[in-house]
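The residues making up each chain are set out below.
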Amino acid sequence: MDYPKTYDVIVIGGGHAGTEAALAAARMGSTTLLLTHNIETLGQMSCNPAIGGIGKSHLVKEVDALGGAMAEATDLGGIQFRVLNARKGPAVRATRAQADRALYRSAIRATLEHQQNLEIFQQAADDLIVEGERVTGVVTNAGVRFRGKTVVITAGTFLGGRIHIGLDSHSGGRAGDAPAIALAERLRELPFRVERLKTGTPPRIDARSVDFSALEEQWGDTPTPVMSYLGARSQHPRQACCWITHTNSATHEVIREGLDRSPMFSGDIEGVGPRYCPSIEDKVHRFADKSSHQIFVEPEGLTTNELYPNGISTSLPFDVQIQLVQSIRGFENAHITRPGYAIEYDFFDPRDLLPSLETKFIQGLYFAGQINGTTGYEEAAAQGLLAGANAALRAQEREAWCPRRDQAYLGVLVDDLITSGTREPYRMFTSRAEYRLLLREDNADLRLTEVGRELGLVSDERWAAFSEKREAIAREERRLRETWVHPKTTQAAAVETKLPKPLAREYSAMDLLRRPELKYADVASLKGEAVVDERVAEQVEIAAKYAGYIDRQRDEIERLQAYEDTPIPADFDYSNVSGLSSEVKQKLGDTRPDTLARASRVPGVTPAAVSLLLIQLKKRG
Ligand code: FAD
């Protein structure tokens, strides 16, 4: 049947990418349909019950700054919060939260169900309606035809999904869920480049069968960090403990003996797995000289006994998994509630995408999340938000929004994917960003909330809170610049205890804050009591301390702006550029970058090649 309504945006898949895509489009005023296999699994974490971490929390906070749901759901579902790299510089600090799976899911579902302009429908999308080079709708497995101006596909690990445990394998999208076979076949008919990747998950363990006295406790930070810019500690549920244990030589022996029945080593799995999240069999094989690997034992929630042993993802046969687990200290009598497994799935070469995440071959069709070769909830959510926003912009006949590398980790993520593609599951790290000091997790709102407001993504409530914070920062900076400290005064004496030498002349409190020995708290009350929020104080302190580095990064961005502003026409013929090696011609032809800056980032493209391109582009005029 033809459904009696046409949508601006149809989103396929209610995982982390799909939920942010649907929410973003609906926030922007577009009529949106979220079509997903199962409403009960909206916002489901397929693997590790945790949000954030190095590089990833930067994405979560960017999604939050643009009005997305992930950070707020984390504050409502987080049962342990920590700041990683807390002693290092602000660029690499990262918030990570252990989440109660059920609380997180219900927070996401509640947000979706309260979102204006958004309708949800439970059924599998099996087919796309494509007219000419344009997508115009989706057909479900029950034959319902939904018409839409744009379609965003966020099918995660479900496309042609195949689950492996030992030498047994079966079709599946994730344990307990059916795969998306028909949609995968339909996409393979379209002119996209498609490959296979794999990922895996550990067995889960019943806490009642664990000897916790043998494990090391690990509590979260106090005061408890908060994920969302609108969040508050008071929203967090009861906080919980995690534990640490280790594999040992007996564990490694069990694994080595089981390798002949491992699908990874037998050749049954062809897809490449995540480099930074390898299976325990891979770790034991690759790092043969290591006699032990750390395992973080994480609760799956406050109302369940299941534990997630982070670090022993495996697809070894179940009988080997039992021996492996029971060889670990504290787990001698452990009962496995769900076996670990690996999953192989289709992903599409992201070099076939535009910076808006629209596909190059089918207009109005967008891809976001694991389908683009990434791994991780945060990477998926960030792409989902961008694709949903751009689908809405297209439906509203507005220009696409494509964040730059110097503006957001979201810009880095998309630029890396579309210029370099990926051969293994791509995850975010701070080291992927060249302008790390500008792209901190603490200032995502200052970088993005204004543009989010212009796009229609940011609510009045968020905008008011943000504007107040921005004004408070400016006010406090002005106050510190106007607070003078004269030598031989009580104010000077107050700071001199921390300085190597007494003050030789007068300084402003802002000048003093630039000194490495002094913190914001040392200068804040030099003249009257400072009454500012801790998040405002943090911004004032970081801006003062890193001003020199930040200015240098800004200068570099300006210097390279000319390349960013030099477009390369879509029909540009690289074979005509004399002097370019055939390898570079082929790489540029495969990627088809849209600007000279992006061409310069294609792996293998040298500065000399960029100069040759520039000359040719100038000739073309
Ligand atoms: P998903 O979260 O997979 O969501 C896809 C959604 O689309 C689902 O709701 C599904 O039902 C729906 N859907 C799919 N096809 C259709 C269709 N045709 N019609 C309707 N609905 C459809 N990430 C890590 O960072 N580290 C890890 O170690 C890790 N291990 C993993 C292990 C396993 C076994 C799995 C399954 C995933 C693992 N992940 C890991 C990946 C992580 O789960 C994903 O990166 C993240 O969930 C991707 O989000 P997504 O929105 O793209 O897709």
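Residues numbered from 1 in each chain as written. Predicted model: local features only at pLDDT ≥ 70, side-chain atom pairs only at ≥ 80, totals over all residues. Heavy atoms only, no water.

Draft legend 1. Structural context of the site of the ligand. Taken together, 34 residues sit near the ligand, with Ala17, His37, Ala125, Gln370 and Gly376 positioned nearest. Taking His16, its main chain carries an N or O atom lying 3.0 Å from an oxygen atom of the ligand. In the environment of the ligand, an oxygen atom lies 3.5 Å from a nitrogen or oxygen atom belonging to the backbone of Thr154. Within the complex, 96% of the 990 Å² of free accessible area of the ligand lies under protein. Put simply, the parts of the chain that give the shell around the ligand at least two residues each are helix 1 (16-27), strand 2 (32-36), strand 12 (194-201), strand 19 (341-348) and helix 10 (377-395). For the shell around the ligand, the element with the highest residue contribution is strand 12, accounting for three residues. (Near = heavy atom within 4 Å. Polar contact = N/O pair within 3.5 Å; in protein donor to acceptor, adjacent residues only side chain to side chain. Areas by Shrake-Rupley, 256 points an atom, 1.4 Å probe, with all protein chains shown as cover. Helix = DSSP H or I, 4+ residues; strand = E, 2+ residues; numbered from the N terminus.)

Draft legend 2. Summary view of the sheet that holds strand 4 (residues 78-84). Read across the sheet, three strands follow the order 3-5-4 without closing on themselves; strand pairing throughout is antiparallel. The sheet is open, and its two borders are formed by strand 3 (50-52) and strand 4, each paired with just one other strand. If you compare each strand with its neighbour and ignore which way they point, the axes differ by 20° on average. The sheet contact formed by strand 3 and strand 5 (residues 94-99) spans three bridges and is antiparallel. Bridging from a neighbouring strand, Ala50 pairs with Gln98 of strand 5. Its contacts with the sheet place helix 3 (residues 70-77) against strand 3, strand 4 and strand 5, and it is angled at close to 115° to strand 4. (Pairing = 2+ DSSP bridges. Axes fitted to C-alpha atoms, helices over the stretch in contact; angles between N-to-C directions. Contact = heavy atoms within 4.5 Å.)

Draft legend 3. Representation of the packing of helix 2 (residues 56-65) against helix 3 within the structure. Viewed as axis vectors pointing N to C, helix 2 and helix 3 meet at an angle of 110°, and their least axial separation amounts to 7 Å. Between helix 2 and helix 3, the crossing angle belongs to the class labelled roughly perpendicular. Residue-level contacts link Val60, Val63 and Asp64 of helix 2 to Met70, Ala71 and Glu72 of helix 3. By residue class, the composition of the contact of helix 2 with helix 3 is four nonpolar, no polar and two charged. (Parallel < 35°, antiparallel > 145°, perpendicular 65-115°, else oblique. Nonpolar A, V, L, I, M, F, W, Y, C, P; charged D, E, K, R; others polar.)

Draft legend 4. Just the packing of helix 2 against helix 12 (residues 444-455), in detail. Between helix 2 and helix 12, the least distance of the axes is 8 Å, while the angle of their chain directions is 35°. For the pair helix 2 and helix 12, the sense of crossing is right-handed. Note on element contacts: helix 12 touches helix 2 through Ala444, Asp445, Arg447, Leu448 and Thr449, opposite Lys61, Glu62 and Ala65. A per-class count over the contact of helix 2 with helix 12 returns three nonpolar, one polar and four charged. (Left-handed = near helix turned anticlockwise from the far one by under 90°.)

Draft legend 5. Just the sheet that holds strand 19, in detail. The sheet built from four strands is open, its strands ordered 11-10-19-12 with antiparallel pairing. Each edge of the sheet is formed by a strand with only one pairing partner; in this case those strands are strand 11 (168-171) and strand 12. The sheet shows a mean angle of 25° between the axes of neighbouring strands, direction not considered. Sheet analysis places strand 10 (residues 162-165) next to strand 19, joined by three bridges and oriented antiparallel. Paired with Arg162 across the strands is Glu344, a residue of strand 19.

Draft legend 6. Local environment of the pattern of salt bridges. Tallied over the full model, the rule gives 46 salt bridges. Linking Glu378 and Lys56 is a salt bridge whose minimum nitrogen-to-oxygen distance equals 3.2 Å. Of the two residues, Glu378 sits in helix 10 while Lys56 sits in helix 2, which places them 322 residues apart along the sequence. Here the two residues Glu378 and Lys56 agree in accessibility, since each one is buried. Two residues, Arg351 and Asp349, come together in a salt bridge whose shortest N-O distance is 2.8 Å. Each member of the pair Arg351 and Asp349 is classed as buried. If you follow the salt bridges from partner to partner, you end up with Arg405, Asp415, Asp416, Glu434, Glu564, Asp594, Arg598 and Arg601 in one network. (Salt bridge = Lys/Arg side-chain N within 4 Å of Asp/Glu carboxyl O. Buried < 20%, exposed > 50% of the residue type's maximum accessible area, 1.4 Å probe, protein only.)

Draft legend 7. Examining the packing of aromatic side chains more closely. The tally for this structure, following the rule as stated, stands at 13 aromatic pairs. Between Phe121 and Phe146, the aromatic rings sit 5.3 Å apart at their centres with planes inclined by 65°, giving edge-to-face as the arrangement. Separated by 25 residues along the polypeptide, Phe121 in strand 6 (residues 118-122) and Phe146 in strand 9 (residues 145-153) bring together distant segments of the chain. The partly exposed category is assigned to Phe121, whose relative accessible area is 27%. Sitting over the ring of Tyr229, Lys61 keeps its end group 5.8 Å from the ring centre. A cation over an aromatic ring shows up here: Arg432 above the ring of Tyr426, its NZ or CZ 4.0 Å from the ring centre. (Phe/Tyr/Trp six-rings, centres within 6.5 Å; stacked < 30°, edge-to-face > 60°. Lys NZ or Arg CZ within 6 Å of the ring centre and 35° of its normal.)

Draft legend 8. Summary view of the side chain of Thr224. Position of Thr224 relative to the elements: it lies in the loop between strand 14 (216-218) and strand 15 (242-246). Residue Thr224 is classed as buried on the basis of its relative accessible area of 16%. Beyond its immediate sequence surroundings of up to four residues, Thr224 is in contact with Phe81, Arg233, His236 and Gln239.

Draft legend 9. Fine view of a negative patch on the surface. On the surface, Asp551, Asp555, Glu556 and Glu558 cluster together into a negatively charged patch. Along the chain, Glu556 turns up in helix 18 (residues 547-564). (Patch = residues over 30% accessible without salt bridge, like charges linked within 9 Å, V, L, I, M, F, W, Y side chains within 5 Å. Lys, Arg positive; Asp, Glu negative; His and termini not counted. Charge placed at Lys NZ, Arg CZ, Asp CG, Glu CD.)

Draft legend 10. Molecular detail of the pairing of strand 1 (residues 2-12). The pairing of strand 1 with strand 9 spans seven bridges and is classified as parallel. The partner of Thr6 across the bridge, within strand 9, is Arg147. Note: strand 1 against strand 2, four bridges, orientation parallel. Bridged to Val9 within strand 2 is Thr32. In the classification by handedness, the crossover that spans strand 1, the intervening helix 1 and the parallel strand 2 is right-handed. (Right-handed = clockwise from strand over helix to strand, strands pointing away.)

Draft legend 11. Structural context of helix 17 (residues 534-545). The end-to-end C-alpha separation of helix 17 is 16 Å, in line with the 16 Å expected for 12 residues at 1.5 Å each. For helix 17, the full list of buried residues reads Val536, Ala537, Gln539, Val540, Glu541, Ile542 and Ala544. Contacts from the buried residues of helix 17 go to helix 12, helix 13 (460-481), helix 15 (509-513), helix 16 (520-524) and helix 18. At the N-terminal boundary of helix 17, the capping side chain belongs to Asp533, with an oxygen 2.7 Å from the backbone nitrogen of Arg535. (Expected span 1.5 Å × (residues − 1).)

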